[in-house]
Amino acid sequence: MTDDRPTWTRTIEGRVDRLADATAFVEQCADASGIDLARPMAPALVLEEVFVNVCHHAMPNGTGLVELRCFRDGDVFVLEVEDSGPPFDPLSRPAPDTTTDLVTRNVGGLGLHLIRSVSDGLEYRREADRNVLRIEFRGRPMG
Amino acid sequence: MEIGTRKERGATVVTVAGRLDAMTTPDFDACLAAAIDEGNRAFVVDLAQLDYISSAGLRGILLAAKRLRGLEGSLRFAGVRGAVREVFDLSGFGSLFLLADSVDAALDASA
């Protein structure tokens, strides 16, 4: 990322009922980035899965703030989600089996599966006392 | 999200429009649960007007499907398209459910 490119930041209460605000922010940033995303629905979907996860794991009391940061890095749209909860790496959880039949199908774990499926880069880091999840979305190949 | 139900050829057709996400899925769950409680067993969910679904919506669908299976009911889908189709495909829902182009086609399909 170069310094002359903007980073859009929004701090939102970590409650599921703030999801619509968080989604609107990320969709606006994705538009403003000017990148023709290979999967246009991906940022909103990943944002929801990550945001809801953070609300449940990082702030079970319904208090706390989530910082959303968006920027363009070359042909990649980057979303970073940061919270002050206890260390929690969502990427460390096992992937669900999406090939089983209805009887044995587990209803959990699909969120992480979708995050992995529609993003092009994922990185968790613990920074000071904060969890930071960086998600990358690639633009459509030219031509 | 907007949700509506109607009876068609003996089945309950549930039409869902807008977004099926962590905020709206509880209403979807409640609607299906109420219809099942009333004794309805054959369902077609029409998603032609649905623009977005997340894992919360998928979870609601799976829970309803599991409950209906125990009651020897059925849950079929019509009009799954765009981003919703993409999420269905990524989650393996195409092999779990009958996905028809239209409500009529879903009602015509044999069990």
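Residues numbered from 1 in each chain as written. Chains lettered and ligands numbered in written order. Predicted model: local features only at pLDDT ≥ 70, side-chain atom pairs only at ≥ 80, totals over all residues. Heavy atoms only, no water.

Trainee: Break down the overall build of chain B for me, with residues and values.
Mentor: Regarding its fold elements, chain B presents 4 helices and 6 strands. Relative to the 2.2 N^0.38 estimate, which gives 13 Å for 111 residues, the radius of gyration of chain B is 12 Å and therefore close to what a compact globule would have. Here chain B, with 111 residues, has 48% of them falling under the buried criterion. For chain B, the proportion of contacts with a sequence separation of at least 24, taken over those separated by at least 6, is 69%. Just so you have it, chain B exposes about 4800 Å², and 47% of that area is on carbon and sulfur atoms. Of the side-chain charges in chain B, 12 are positive and 15 negative, and the distance between the mean point of each set is 5 Å. (Helix = DSSP H or I, 4+ residues; strand = E, 2+ residues; numbered from the N terminus. Rg over C-alpha atoms; globule rule 2.2 N^0.38 Å. Buried < 20%, exposed > 50% of the residue type's maximum accessible area, 1.4 Å probe, protein only. Contact = heavy atoms within 4.5 Å. Areas by Shrake-Rupley, 256 points an atom, 1.4 Å probe, with all protein chains shown as cover. Lys, Arg positive; Asp, Glu negative; His and termini not counted. Charge placed at Lys NZ, Arg CZ, Asp CG, Glu CD.)

Trainee: I'd like to hear about the nonpolar core, residue by residue, with values.
Mentor: Grouped together as the largest cluster of nonpolar side chains are 70 residues, with contacts concentrated most on L75, F88 and F97 of chain B. A per-element tally of this core places helix α2 (residues 42–57) of chain A first, with 10 residues. When neighbours within four sequence positions are excluded, L75 of chain B is seen to be in contact with F43, V45, I61, A64, A65, L68 and F97 of chain B. With 8 residues, the next largest nonpolar core counts A11, V44, A106 and L107 of chain B among its residues. (Core = buried A, V, L, I, M, F, W, Y, C linked by side-chain atoms within 4.5 Å.)

Trainee: Any details on the packing of helix α1 (residues 25–37) of chain B against helix α2 (residues 55–70) of chain B? Residues and values, ideally.
Mentor: Residue and element names in this part refer to chain B. Where α1 meets α2, the closest approach of the two axes is 9 Å, and the angle between their N-to-C directions is 15 degrees. Taken together, the axis directions place α1 and α2 in an arrangement best described as roughly parallel. Helix-helix and strand crossings are classified by hand; for α1 and α2 the assignment is right-handed. Taking contact as the criterion, the partners of T25, F28, D29, L32, A33, I36 and D37 in α1 are, on α2, A56, G57, G60, I61, A64, R67 and L68. Split by residue class, the contact of α1 with α2 holds 8 nonpolar, 3 polar and 3 charged. (Axes fitted to C-alpha atoms, helices over the stretch in contact; angles between N-to-C directions. Parallel < 35°, antiparallel > 145°, perpendicular 65-115°, else oblique. Left-handed = near helix turned anticlockwise from the far one by under 90°. Nonpolar A, V, L, I, M, F, W, Y, C, P; charged D, E, K, R; others polar.)

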